[in-house]
Amino acid sequence: MRTRRLVLGLGLVATAIACELGHLSLPLVETLDRYLYDTRLRLQPAKPNSRVLIVDIDERSLKEQGRWPWSRETLGKMVQTIGREGGARAIGFDMVFAEPHATQDPVLMRSLIGSPVALGYYFSSELGAVSTGMLPSPVWPASVLAERRLSVTSWNGYGANVVPLARVARAAGFFNPVVDRDGVVRSLPLLAEYKGQLYESLAVATLRIYFGNAPLTLRAEGLHADSLGFGPAGEQARIPISEGTTALVPFQGRGGAAASRFRYVSATDVLEGRVEPRVFRDRIVLIGTSAPGLTDLRATPVSEVYPGVEIHASLIAGALEGTIRTRPVEAPLFSAAAIAVVGGIAAFAMAGAGVVGIAAVTLLGLSTLLGWNAIAYASLGWVIPLASGVLALVAVAALNLVAGYVTEGRSRRAVIGLFGQYVAPQLVERMAHDPDNYPLESQNKELTILFADIRGFTRMAESMDPQQLRDYLNRFLTAMTEVIHAYNGTVDKYIGDAVMAFWGAPVDDAKHADHAVAAALAMQREVERLNREFEGLGWPRLVVGIGINTGVVRVGDMGSKLRRAYTVIGDAVNLASRLEGLSKKYELPIVIGDATRRAVRGIALQFVAQSEVHGRSEPVGVWQPVAVDPDAYAPPASLESRSPDAPSTTMREPVA
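What counts and how
- Residues numbered from 1 in each chain as written.
- Predicted model: local features only at pLDDT ≥ 70, side-chain atom pairs only at ≥ 80, totals over all residues.
- Heavy atoms only, no water.
- Helix = DSSP H or I, 4+ residues; strand = E, 2+ residues; numbered from the N terminus.
- Buried < 20%, exposed > 50% of the residue type's maximum accessible area, 1.4 Å probe, protein only.
- Contact = heavy atoms within 4.5 Å.
- Areas by Shrake-Rupley, 256 points an atom, 1.4 Å probe, with all protein chains shown as cover.
- Pairing = 2+ DSSP bridges.
- Axes fitted to C-alpha atoms, helices over the stretch in contact; angles between N-to-C directions.
- Parallel < 35°, antiparallel > 145°, perpendicular 65-115°, else oblique.
- Nonpolar A, V, L, I, M, F, W, Y, C, P; charged D, E, K, R; others polar.
- Expected span 1.5 Å × (residues − 1).
- Arc of directions from axis to C-beta.
- Salt bridge = Lys/Arg side-chain N within 4 Å of Asp/Glu carboxyl O.
- Phe/Tyr/Trp six-rings, centres within 6.5 Å; stacked < 30°, edge-to-face > 60°.

Caption draft 1: Just the overall build of the chain, in detail. Check the secondary structure of the chain and you find 19 helices and 26 strands. With 656 residues in all, the chain has 52% of them scored as buried. Contacts in the chain between residues far apart in sequence, at least 24 positions, make up 74% of those at least 6 positions apart. On the chain, roughly 30100 Å² of surface is accessible, and the fraction owed to carbon and sulfur atoms is 55%.

Caption draft 2: Expanded view of the pairing of strand 1 (residues 52–57). In terms of burial, strand 1 is largely enclosed, as six of its six residues are buried. The two faces of strand 1 match: V52, I54 and D56 on one face and L53, V55 and I57 on the other face are all buried. Where strand 1 lies against strand 16 (residues 284–289), six bridges are found, and the strand directions are parallel. By the bridge assignment, V52 is partnered in strand 16 with I284. Strand direction decides the pairing type here: strand 1 and strand 15 (residues 263–266), joined by four bridges, are parallel. Bridging across to strand 15, I54 finds its partner in Y264.

Caption draft 3: Summary view of the sheet that holds strand 14 (residues 246–248). Reading across from one edge, 7-8-14 is the order of the three strands in this open sheet, with antiparallel pairing throughout. In this open sheet, the two strands that pair with only one neighbour each are strand 7 (178–179) and strand 14. In this sheet, strand 8 (residues 185–189) lies alongside strand 7 in antiparallel orientation, the contact comprising two bridges. Residue pairing for strand 8: V179 is matched across the bridge by V185. The strands touched by helix 10 (residues 308–321) are strand 8 and strand 14; relative to strand 8, the strand with the most contacts, the crossing angle is about 70 degrees.

Caption draft 4: Broad picture of the packing of helix 1 (residues 2–20) against helix 11 (residues 331–351). Two elements in contact, helix 1 and helix 11, have axes whose closest approach is 9 Å; the angle formed by their N-to-C orientations is 170 degrees. One way to sum up the angle between helix 1 and helix 11 is to call them roughly antiparallel. Taking contact as the criterion, the partners of R2, R5, L6, G9, L10, V13, A16, I17 and E20 in helix 1 are, on helix 11, P332, S335, A336, I339, A340, G343, G344, A347, F348, M350 and A351. Here the residues of the contact of helix 1 with helix 11 are counted per class, giving 13 nonpolar, four polar and three charged.

Caption draft 5: Fine view of unusual backbone geometry. The omega torsion of the bond from W68 to P69 falls at 5 degrees, within 30 degrees of zero and hence cis. For P69, the location among the structural elements is in the loop between helix 3 (59–65) and helix 4 (72–85). In this model, A505 is joined to P506 through a cis peptide bond whose omega is 0 degrees. By secondary structure assignment, the location of P506 is in the loop between strand 21 (498–503) and helix 17 (512–537). A positive phi angle is found at N213, which is not glycine, with a value near 55 degrees. Within the element layout of this structure, N213 appears in the loop between helix 8 (202–210) and strand 11 (216–221). Even without glycine at this site, T295 takes up a positive phi of about 50 degrees.

Caption draft 6: Here's a closer look at helix 18 (residues 571–585). If you check helix 18, its first and last C-alpha atoms are 21 Å apart, about what 15 residues at 1.5 Å a residue would give, namely 21 Å. Taken residue by residue, helix 18 has A572, V573, L575, A576, L579, E580, L582 and S583 as its buried positions. Around the axis of helix 18, the buried residues are gathered within 165 degrees of arc, so they sit on the same side. Seen from the buried face of helix 18, the exposed residues on the opposite side, beyond 90 degrees, are K584 and K585. After helix 18 finishes, the residue E587 shows a positive phi value of roughly 55 degrees.

Caption draft 7: Structural context of the pattern of salt bridges. Counting across every chain of the model gives 21 salt bridges. R261 is the salt-bridge partner of E321, the closest N and O atoms lying 2.6 Å from each other. Taken together, the residues E321 in helix 10 and R261 in the loop between strand 14 and strand 15 connect sequence positions 60 residues apart. Under the relative-accessibility criterion, E321 is labelled partly exposed at 31%. R470 serves as the salt-bridge partner of D471, at 3.2 Å between the closest nitrogen and oxygen. Judged by relative accessible area, which is 26%, D471 ranks as partly exposed. With relative accessibility at 47%, the residue R470 sits in the partly exposed group.

Caption draft 8: View of the sheet that holds strand 10 (residues 197–200). Taken in spatial order, the three strands of this open sheet run 4-10-9, and their pairing is antiparallel. Among the strands making up the open sheet, the edge pair consists of strand 4 (140–141) and strand 9 (191–194).

Caption draft 9: Highlighting the packing of aromatic side chains. As enumerated under the stated definition, the model contains 17 aromatic pairs in all. Ring centres 6.0 Å apart and planes at 35 degrees place the aromatic pair F123 and Y194 in the tilted group. A residue pair is termed long-range when its members are at least 10 positions apart, and F123 in strand 3 (residues 117–124) and Y194 in strand 9 qualify at 71 residues. Considered together, F123 and Y194 belong to a single accessibility category, that of buried residues. For the ring pair F334 and W382, a centre distance of 4.9 Å and an interplane angle of 5 degrees mean the geometry is stacked.

Scope: geometric values only; no functional claims are made or implied.
Printed below as a string of structure tokens:
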């Protein structure tokens, strides 16, 4: 069963590795990975950022300035206030001017000339998408990324700004987000490919303006070789590149004017002069909207309703602060390696462990995975998938717990069913808690065997009523069985008026010979007690002969296909029966063989004779216990507090 548990456990680990390497897709794994990543972001404390400011076209602005779209004279006035009067270092428009207005465009053009403005636009992936407006100049040919084996999203069309505005704007960038399968935005593309050329995003274009039209560079960073830098050597800022040439947005706070790390300024306050222009000085200003009717609210890890403009602001702030983390292309390999090591070791360890062991291995494995993942996140800035490893460990633990419970339950039932009729109830209970240590298969083992028989029982049966005889025999067998159990013995069988028992199995007992002889003495004392009862009932007096022998026998579950029993067979068993017969010849209550005499350590024995035994060519030595104080032979200590193998403290040393 252990091998089966190990194979199944390793199979679960292999499944988790296949998920990480992309050979198998399990929605539960993806959902849990997203949840764990989102939880980290929600727990991230929000630190105010003073370098990025958002001019918000909010509900109040629409109420005071009129419905959207506003005139381009109005937007030109806003650019004048923010750029020329306020001294902003970079202005990004999270919107596109796709429709020409012959009378209004010149006014906005004059405001854009000389202003640090990056206009927004969008790409389209629809089949047969129509392209409108004018794209900005590309930053690189697409072959630059191909040389570094970086993937990038390709687009079929675009909706860009009208030509007059596009020509005078300092820069332009696309504002397409990356929407995951669950509809949540967690990253933004940095570059996009269109007809073999690469174009920059709005956040990248705005940052380049902020750094004085700094050139873009691809640079190596530690173990992960790709990041987008600003300046000749990328020394001014950098954005770590994740898979698909995207960047993970370092969200902080809940977003929106009331819960943002950025300062929000209402657009209408800018237009109406209710804001001092100096608040824009040397800042990056993003112009966007939080008004629900303008459909630029997105679901993000930190909020289900998050202004799109603040997503770009968060990425820009992360680049300035150096807080953008990356999901490297090699992330699945790192995760698969961790699962293989931790999961493989756990599968081996759990296959043979109990409940406590499985729980300990699971906690240790989870701590290892979580610890390594936390170090990679905090120190290296890597976002490594975690769900597959966690689920694999939990699944392996559950498998072993269930398999262990079923197997242990089956073994426990087998132990109780087999041994319940042979040994003491408290011993059966202990065996049932650890059934693997008490095999049912037969084996060779040194035991001490006892036969106890009522002398003259045939004559009693002729003179007693059948019901009286039944009660007489039941009382005798019950009393003998209780004594045998008290001394950790195993009742093999009842043979008419005789009892057969043995010591040393199924529970190991290093002092099985001492316990058997002590039990025989106690059985004779119990016979005297019964005789006092029987005398009052007018029943015949009990006379019991006991024979004891020690030797190697075959013990275990034996029998036919129709009926089986836990029993012993062997020459030592036959000799024990013969010794019980000699007790009548020598008129002794207890007769002990040579082998038992050699095995006994705590009871004094006396030689009786060398006696011929039927079926044996050599005579055997016959011994008897020395008469001693009966209280010296108390039963072994409680099974709950002491192993039957422990030395007895109540046995006297042999007398000379």
